[in-house]
Amino acid sequence: MITSERLTLLPLRVEYAAPMAVVLSDPGLYAFTGGEPPSVEVLEARYRRQLAGPDSPDEQWLNWVVQYEDTLIGYVQATVTAGQAEIAWVIGAAWQGRGFAKEAAQGLVTWLRAQKIDRIIAHVHPDHTASAAVATAIGLARTDVVEDGENLWSLADPA
């Protein structure tokens, strides 16, 4: 568990699929990433896969749901390989605009840094200004690298 001023990041559990299906039900959440809102069954299967972990022993999947008060409002995740963590964050549409994405992502970055993760990166669609603002706020800087149509962001001060 990771805590911040207003949020608790709870380790992923399959039981969170039903409330998270509601959180992730707004089609607008997929404007930059593609896809569509998942059903409870799809999320249950996804969460089982995530909890089982990757096939590679050199890779680690870390997943948390974001809780505000008693309500799940989104998730953060990190894929860790060779001292590098690629992070992502999603906050449900009903809770956007209140700094929750920044707070959750910062909590994740702080935790990763405490685990001695040297390099933290994220991929952000060039038109997704809200995610770019979160990336900037948590200390990531946009690089000139573009992968699959998304800008690579990297921790600006890895020290």
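As a convention, each chain's residues are numbered from 1 in the sequence order in which they are written. Under the rules for a predicted model, residues below a pLDDT of 70 receive no local features and side-chain atom pairs below 80 are neither given nor counted, while totals for whole chains, interfaces and linings still include all residues. Excluded from the side-chain calculation are hydrogens and water; included are all heavy atoms of the structure.

Participant: Can you break down the side chain of H123 residue by residue, with the values?
Facilitator: Note on conventions: DSSP H or I runs of at least 4 residues are helices, E runs of at least 2 residues are strands, and numbering of each starts at the N terminus. Within the element layout of this structure, H123 appears in strand β6 (residues 119-124). Here a polar contact is taken to be a pair of N or O atoms separated by no more than 3.5 Å, where protein atoms must pair a possible hydrogen donor with a possible acceptor and residues adjacent in sequence count only if both atoms sit in side chains. A distance of 2.6 Å separates a polar atom in the side chain of H123 from a polar atom in the side chain of E86. Of note is the side chain of H123, whose polar atom sits 2.4 Å from the side chain of E147. Any two residues having at least one pair of non-hydrogen atoms within 4.5 Å are treated as being in contact. Contact partners of H123, with chain neighbours within four places excluded, come to E86, E147, E150, N151 and L152.

Participant: Can you tell me about helix α3 (residues 100-114), naming the residues and giving the values?
Facilitator: Think of an α-helix as 3.6 residues a turn; residues three or four steps apart then line up on the same face. For a helix, the expected span equals 1.5 Å multiplied by the residue count minus one. Taking 1.5 Å of rise per residue, the 15 residues of α3 would be expected to cover 21 Å, and the 21 Å separating its terminal C-alpha atoms lies within 8% of that figure. Here α3 has its buried residues at F100, A101, E103, A104, A105, G107, L108, V109 and L112. K116 sits one or two positions beyond α3 and adopts a positive phi of about 70°. Using a 1.4 Å probe on the protein chains alone, a residue whose accessible area is under 20% of its type maximum counts as buried, one over 50% counts as exposed, and one in between counts as partly exposed.

Participant: So what's going on with the sheet that holds strand β1 (residues 2-3)? Residues and values would help.
Facilitator: Pairing is mixed across the open sheet formed by 8 strands, whose spatial order is β1-β2-β3-β4-β5-β6-β8-β7. Each edge of the open sheet is held by one strand with a lone partner, namely β1 and β7 (140-147). Pairing between strands is defined by DSSP: at least two bridges between the two strands are required. Where strand β3 (residues 59-68) meets strand β4 (residues 71-81), 10 bridges bridge the pair, whose relative direction is antiparallel. Pairing of L62 across the sheet is with A78, part of β4.

Participant: Got a sec to walk through the layout of surface pockets? Specific residues and values, please.
Facilitator: Using a 1 Å grid laid over the protein atoms alone, points where a 1.4 Å probe fits but cannot get out form a cavity; open sets with protein on both sides within 12 Å along at least 5 of 7 lines form a pocket; any residue with an atom within 4 Å of a point counts as lining. Grid points are joined across faces, edges and corners, and a volume is the space filled by probe spheres set on the points. Here the largest pocket is characterised by a volume of approximately 1200 Å³. Lining the largest pocket are 50 residues, and of these T33, Y75, A88, W89 and V90 lie nearest its centre. Contributions of two or more residues to the lining of the largest pocket are made by α2 (40-52), β3, β4, β5 (84-91), α3, β6 and α4 (129-137). Broken down by element, the residue count for the lining of the largest pocket peaks at 6 residues, all from β5. Three classes are used: nonpolar for Ala, Val, Leu, Ile, Met, Phe, Trp, Tyr, Cys and Pro, charged for Asp, Glu, Lys and Arg, and polar for all others, with Gly counted as polar. Residue classes in the lining of the largest pocket are distributed as 29 nonpolar, 14 polar and 7 charged.

Participant: An account of the pairing of β3 is requested, with residue identities and associated values reported.
Facilitator: As paired elements, strand β2 (residues 7-11) and β3 share 5 bridges and run antiparallel to each other. From the neighbouring strand, T8 faces β3, where its bridge partner is Q67. Connecting β3 to the next strand, β4, in antiparallel fashion are 2 residues, including E69 with a positive phi near 55°.

Participant: Please provide a residue-by-residue account of unusual backbone geometry, values included.
Facilitator: Despite not being glycine, E69 shows a phi value in the positive range, around 55°. Along the chain, E69 falls in the loop between β3 and β4. Its relative accessible area of 59% is what places E69 among the exposed residues. The phi dihedral of D148 is positive, around 50°, even though this residue is not glycine. Considering the arrangement of structural elements, one finds D148 in the loop between β7 and β8 (150-155).

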